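Survey of secondary and tertiary structure
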Amino acid sequence: MTTLKNSVRLIGNLGMDPEVKTFDNNRKLARLSIATNESYKNDKGEKVTETQWHQIVFWGAQANLAESYLKKGDSVIIEGKLASRNYNDKDGVKRYVTEMVVNEFVKMGIKG
C-alpha cells in the first residue's frame, strides 16, 4: 500500500471554457469544470443519470495547452491529484475547496 499515491482520473465533458489567469512571472493558471455522468436503473426500471461536477486546475504548460485547445462541451480524459485549500470570501466567511490539479489530459474525438 505504500506505493499508492494521490491520483485521480476523470472522463467527462467540459462545462465551460477555461478561465485563464497570468501571474507576474508569466506563469499561467487555467480553471474549468468537468461533468461526469453515471447511469443506473431505479426500482421502477427507469434509467436515471446523475451528473457530478468537478473543479479542475491547470498550471504552467498544461494551462497553456488547455487555453489553446479546450472549449465548453469538449470530451476529455484528465489525470491528476486532489488538492484542498481554504480562503475567506468577501464577507469574511471561510470557504473550503477541493480541486483536481491536472498532470495530463487528452481531448477525445469529436462527438457524432
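The following refers to the structure shown. Because the structure is a prediction, the values reported are computed rather than measured.

Concerning the pairing of strand β6 (residues 94-107)
Bridge analysis of strand β4 (residues 47-59) against β6 gives two bridges, and the strand direction is parallel. Within β6, the residue paired with I56 across the bridge is M100. Examined bridge by bridge, strand β5 (residues 75-88) and β6 share 13 bridges and lie antiparallel to one another. For K81, the partnering residue across the bridge sits in β6 and is V101. Turn length for the β5-β6 hairpin, with the two strands adjacent in sequence and antiparallel, is five residues, and the turn residue G92 shows positive phi of about 80 degrees.

Describing the pattern of salt bridges
This structure, assessed with the given rule, holds six salt bridges. Salt-bridge contacts for K107 lead to D74; the nearest nitrogen and oxygen are separated by 3.5 Å. Of the two residues, K107 is situated in strand β6 and D74 in the loop between α1 (60-69) and β5; the sequence distance between them amounts to 33 residues. Its relative accessible area of 39% is what places K107 among the partly exposed residues. Linking R85 and E99 is a salt bridge whose minimum nitrogen-to-oxygen distance equals 3.0 Å. Here E99 lies in strand β6 and R85 lies in strand β5, a separation of 14 residues in the sequence. Overall, the relative accessible area of 8% leaves E99 in the buried class. Through salt bridges with shared partners, one network takes in R31, R85 and E99.

Considerations on α1
Every buried residue of α1 is listed here: G60, Q62, A63 and A66. When α1 is viewed along its axis, its buried side chains cluster within an angular range of 150 degrees and face the same direction. Those residues of α1 that are exposed and angled more than 90 degrees off the buried face are A61, S68 and Y69.

Some thoughts on the environment of S75
Tracing the chain through its elements places S75 in strand β5. Judged by its relative accessible area of 14%, S75 is buried. Each C-alpha atom, one on S75 and one on A61, is 20 Å from the other, the two residues being 14 residues apart in sequence. Within the local environment of S75, its side chain forms a polar contact with the side chain of N13, the two groups lying 2.6 Å apart.

Cut-off values and rules
Residues numbered from 1 in each chain as written. Predicted model: local features only at pLDDT ≥ 70, side-chain atom pairs only at ≥ 80, totals over all residues. Heavy atoms only, no water. Pairing = 2+ DSSP bridges. Helix = DSSP H or I, 4+ residues; strand = E, 2+ residues; numbered from the N terminus. Salt bridge = Lys/Arg side-chain N within 4 Å of Asp/Glu carboxyl O. Buried < 20%, exposed > 50% of the residue type's maximum accessible area, 1.4 Å probe, protein only. Arc of directions from axis to C-beta. Polar contact = N/O pair within 3.5 Å; in protein donor to acceptor, adjacent residues only side chain to side chain.

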